[in-house]
Amino acid sequence: MTGDPGENQLWQTAQALNRAAAAVSPAVAVLPPLLFFTDPVRTTRPWEVAARLPRGAGVVYRGFGRSEREVEARRLRRVTIERGVRLLIGQDVDLAGAVAADGLHLPERDLDQAAALRARHPDWLITGALHGEAAVPGIEALNAVVLSPVFRAGGASAGRPPLGTGVVTRHVAGLTVPAYGLGGITEQTAPALIGTGLCGLAAIDGVLQAFGAD
């Protein structure tokens, strides 16, 4: 990636989605338009990618219980503060507190914890994973959900059929909280999501392609 990160197509599409959603629900305006999800296999040095993200974006660090997670999270925290990027920690409440993260991302199976977490951490940005169209108890306490997979994706979502833009649009319309789209999101596929009502984009490989090393 070269040039101004703000001129990147992925970022521009994410911003367009965020603006459109904020026009309907003003609270959306405080959410990062783009979330970079880390992965211990595909993003071995996530702080380098975070240093290239546009100001106002977000990172969801997923340590998956690895022994290196606190060292990596602290390094990410330093970079994200310098860059003006929000840092969320995946699932690990203690780690989020230890590194003074901006919030937490919950897997779908833990969404029932969202209300208690909101009560304990009212200032945190709390998001949660959501798969399929079924409503899940607990989402009202979240700032946003992350719908996946939107398009055909690799990684943990490889075994799930893609939702597609029609299902995403219908699902977003029925939700009581804003929603990001994750799964197969790239500069090429993201523009198809304009008009779906999503509040922004989330990606792993798409962010690596757009904001990885020059």
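Our subject in this report is the structure included herewith. What you see is a predicted model; the values in this text were computed from it and never measured. (Residues numbered from 1 in each chain as written. Predicted model: local features only at pLDDT ≥ 70, side-chain atom pairs only at ≥ 80, totals over all residues. Heavy atoms only, no water.)

Turning our attention to the overall build of the chain. When helices and strands are tallied, the chain shows seven helices and eight strands. Its C-alpha radius of gyration of 16 Å places the chain within 12% of the 17 Å reference for a compact globule of 214 residues. Counting every position in the chain, which comprises 214 residues, the buried fraction comes to 50%. Counted over contacts in the chain with a minimum sequence separation of 6, partners at least 24 positions apart contribute 59%. Element-wise, carbon and sulfur atoms account for 53% of the exposed surface of the chain, whose accessible area totals about 9400 Å². In the chain, the 20 positive side-chain charges and the 20 negative ones have mean positions that sit 1 Å from each other. (Helix = DSSP H or I, 4+ residues; strand = E, 2+ residues; numbered from the N terminus. Rg over C-alpha atoms; globule rule 2.2 N^0.38 Å. Buried < 20%, exposed > 50% of the residue type's maximum accessible area, 1.4 Å probe, protein only. Contact = heavy atoms within 4.5 Å. Areas by Shrake-Rupley, 256 points an atom, 1.4 Å probe, with all protein chains shown as cover. Lys, Arg positive; Asp, Glu negative; His and termini not counted. Charge placed at Lys NZ, Arg CZ, Asp CG, Glu CD.)

So, on to the side chain of T196. With respect to the helices and strands, the residue T196 is situated in the loop between β7 (179-182) and β8 (200-203). Separated by 2.7 Å, the side chain of T196 and the backbone oxygen of L193 make a polar contact. A distance of 3.4 Å separates a polar side-chain atom of T196 from the backbone nitrogen of L198. (Polar contact = N/O pair within 3.5 Å; in protein donor to acceptor, adjacent residues only side chain to side chain.)

With that out of the way, let us pick up unusual backbone geometry. Following S148, the chain continues into P149 via a peptide bond in cis, with omega recorded as -10 degrees. Its identity as a non-glycine residue notwithstanding, Q91 has a phi of 70 degrees, on the positive side. Mapped onto the secondary structure, Q91 falls in the loop between β3 (86-90) and α4 (93-98). Located in the positive-phi region is A100, a residue other than glycine, with phi close to 55 degrees.

A large share of β3 lies buried, amounting to four of its five residues. Pairing between strand β2 (residues 58-61) and β3: four bridges, direction parallel. Bridging from a neighbouring strand, V59 pairs with L87 of β3. By the bridge criterion, three bridges tie β3 to strand β4 (residues 103-106) in an arrangement that is parallel. Note on β4: the bridge partner recorded for G90 is H105. Since β3 and β4 lie parallel, the crossover through α4 that links them has a hand, and here it is right-handed. (Pairing = 2+ DSSP bridges. Right-handed = clockwise from strand over helix to strand, strands pointing away.)

Let's shift gears to helix α3 (residues 69-83). The first and last C-alpha atoms of α3 sit 20 Å apart over 15 residues, in line with the 21 Å expected at 1.5 Å per residue. Three or more residues of α3 are buried, namely E72, A73, L76, R77, V79 and T80. On its buried face, α3 is in contact with α2 (46-50), β2, β3 and α4. (Expected span 1.5 Å × (residues − 1).)

Below, the discussion takes up helix α6 (residues 164-174). Of the residues making up α6, those classed as buried are V167, V168, H171 and V172. Buried positions in α6, seen along its axis, are confined to an arc of 130 degrees and lie on one side of it. Facing away from the buried side of α6, by more than 90 degrees, are the exposed residues A173 and G174. The elements touched by buried residues of α6 are β5 (125-131), β6 (144-148) and β7. (Arc of directions from axis to C-beta.)

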